[in-house]
Amino acid sequence: MKGWKLFFVWSMGLFLPASVWAETSMRTDTIPASIIEIPETTPKQPPHEHIVNFGVKGGFTASLFLVSDFSINGQEIKEVQNNYKIGYFASVFMRINFERHFIQPEISYSVNRCNILFDKPQAEGAPEDTPLEQASITSSIHSIDIPVIYGYNIIKDGPYSLAVFGGPKIRYIWDRKNDITFENFNLDNMKEELYPFNLNLTLGVAITISRVFFDFRYDIGLHNISKKITYTSPELTPSPGEEIPDNEIRFHRRDNVLSFSLGMFF
């Protein structure tokens, strides 16, 4: 009898833990999926970020004029040297956030400056050893810019983010404010008329730390901004193959701008 009692106690010692484990496993399998906790995978939102944010920024620019068609009295200028000059701008903007994406319309006032230097074409019949003379065009262009950019946050963790962005920019050039100087052209009353409305493409990257951000961008001019150059000169010589004097300087250029800014969200 003692042997049977020992066998019974030993069997129950094995059976009870197994039955408890099976019952616990069955209960876990029947728990609704809706109450099972799943770790969050969405990025943490910074405390200042709302669906719509407003902000301001300002910074500096460096312009590059890409000259595609430049001739004086019918003689083509093939080589042009760009000399960067520092400009500046100030902007206000609105940012619409949705998860890692955002849309950001802006309005800014910009002053872009640049200088181009080139060798003047020699007069017909001049000796080959005649030294070349240099002339230059210095521009200070005032504009009101309205870019609308789409951005994506590659990194977005708490108050820190790294975003890339791009989009179109409509540009209104304020002709009355512009200052364009022609040096060593030997022509009087030289003036350049620019197209008032232009379209650019904006690409860039932004780094945000809490409410403060740094913005690097490159604006690509999509078309010629120079409409015409006028001047007075009664002694123009005819262009090759022409019966009348060529009284026009052809000067087609696109305005590309590299900018750096510091801004803040409200």
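Coordinates for the structure precede this section.
Fair warning: this is a prediction, and the values are worked out from it, not measured in the lab.

Enquirer: Mind showing me how you'd approach the overall build of the protein here?
Expert: Helices and strands together make up the secondary structure of the protein, namely one helix and twelve strands. Across the protein, helices and strands are ordered from the amino to the carboxyl terminus as α-β-β-β-β-β-β-β-β-β-β-β-β. Relative to its 266 residues, the protein shows a buried fraction of 35%. Counting contacts in the protein only where the partners sit at least 6 residues apart, residues at least 24 apart contribute 75% of the total. Summed over all atoms, the accessible surface of the protein reaches about 16,800 Å², with 62% contributed by carbon and sulfur.

Enquirer: Help me understand the nonpolar core, please; the structure alone is not making it clear to me.
Expert: One broad rule of soluble globular proteins: the nonpolar side chains tend to lie buried together. Residues Phe70, Phe118, Ile137, Phe185, Met190 and Ile249 are the most contacted members of the largest nonpolar core, which totals 22 residues. When residues of this core are traced back to their parent elements, those giving at least two are strand S1 (52-72), strand S4 (101-119), strand S5 (134-157), strand S7 (179-183), strand S8 (188-194), strand S11 (226-232) and strand S12 (249-265). The contacts of phenylalanine 70, once residues within four sequence positions are left out, are Gln75, Glu76, Ile77, Val80, Phe118, Ile137, Ile249, Arg250 and Phe251.

Enquirer: Could you clarify how one ought to interpret the pairing of S7 in this entry?
Expert: On any regular strand, side chains alternate: one points to one face of the sheet, the next to the other face. Burial along S7 is one-sided: the residues Ile180 and Phe182 are buried and none of Asp179, Thr181 and Glu183 is. With five bridges joining them, S5 and S7 adopt antiparallel strand pairing. In the strand pairing of S7, threonine 138 is matched with threonine 181.

Enquirer: Even after reading the chapter, I still don't get the pattern of salt bridges, so can you show me in this structure?
Expert: Pairing is possible between side chains of opposite charge, provided their charged atoms come close. Under the definition given, this model contains 13 salt bridges. For lysine 169, the salt bridge goes to aspartate 145, with nearest N and O atoms at 3.7 Å. Placement of the pair is lysine 169 in strand S6 (residues 160-173) and aspartate 145 in strand S5, with a sequence separation of 24 residues. Aspartate 145 matches lysine 169 in its accessibility class, with the two residues each being buried. For aspartate 255, the salt bridge goes to arginine 171, with nearest N and O atoms at 3.0 Å. Here the residue aspartate 255 occupies a position in strand S12, and arginine 171 occupies one in strand S6, the gap between them amounting to 84 residues. Here the salt bridges do not stand alone but share partners, grouping Asp145, Lys169, Arg171, Asp219 and Asp255 into one network.

Enquirer: Would you take a moment to explain unusual backbone geometry for this structure?
Expert: When glycine is set aside, most residues are seen to have a negative phi, and most peptide bonds are trans. In this model, glutamate 99 sits at a positive phi of 55 degrees, which is unusual for a non-glycine residue. Note that glutamate 99 resides in the loop between strand S3 (81-98) and S4. According to the relative accessible area criterion, glutamate 99 is exposed, its value standing at 62%. We note that asparagine 184 has phi near 65 degrees; this positive angle belongs to a residue other than glycine. Take asparagine 184: its relative accessible area is 35%, and that puts it in the partly exposed class.

Enquirer: When you look at the side chain of serine 91 in this model, what are you seeing that I'm missing?
Expert: Structurally, the position occupied by serine 91 is in strand S3. The buried category is assigned to serine 91, whose relative accessible area is 5%. Every residue in contact with serine 91, bar those within four places of it in the chain, is listed here: Gly55, Val56, Lys57, Ile107 and Ser108.

Enquirer: What is the right way to look at the packing of aromatic side chains in this model?
Expert: Here the distance between the centres and the angle between the planes together describe a pair of aromatic rings. This model, assessed by the stated rule, comprises ten aromatic pairs. Considering the side-chain rings of phenylalanine 213 and phenylalanine 265, the 5.2 Å spacing of their centres and the 45 degrees angle between planes classify their relative orientation as tilted. Linking phenylalanine 213 in strand S10 (residues 212-221) with phenylalanine 265 in strand S12, this pair joins segments that are 52 residues apart in sequence. When sorted by exposure, phenylalanine 213 lands in the same class as phenylalanine 265, which is buried. Put simply, the rings of Phe70, Phe118, Phe182, Phe185 and Phe251 pair up and form one aromatic cluster. The aromatic ring of phenylalanine 102 is capped on one face by arginine 95, whose charged end is 3.8 Å from the ring centroid.

Rules of the game
- Residues numbered from 1 in each chain as written.
- Predicted model: local features only at pLDDT ≥ 70, side-chain atom pairs only at ≥ 80, totals over all residues.
- Heavy atoms only, no water.
- Helix = DSSP H or I, 4+ residues; strand = E, 2+ residues; numbered from the N terminus.
- Buried < 20%, exposed > 50% of the residue type's maximum accessible area, 1.4 Å probe, protein only.
- Contact = heavy atoms within 4.5 Å.
- Areas by Shrake-Rupley, 256 points an atom, 1.4 Å probe, with all protein chains shown as cover.
- Core = buried A, V, L, I, M, F, W, Y, C linked by side-chain atoms within 4.5 Å.
- Pairing = 2+ DSSP bridges.
- Salt bridge = Lys/Arg side-chain N within 4 Å of Asp/Glu carboxyl O.
- Phe/Tyr/Trp six-rings, centres within 6.5 Å; stacked < 30°, edge-to-face > 60°.
- Lys NZ or Arg CZ within 6 Å of the ring centre and 35° of its normal.

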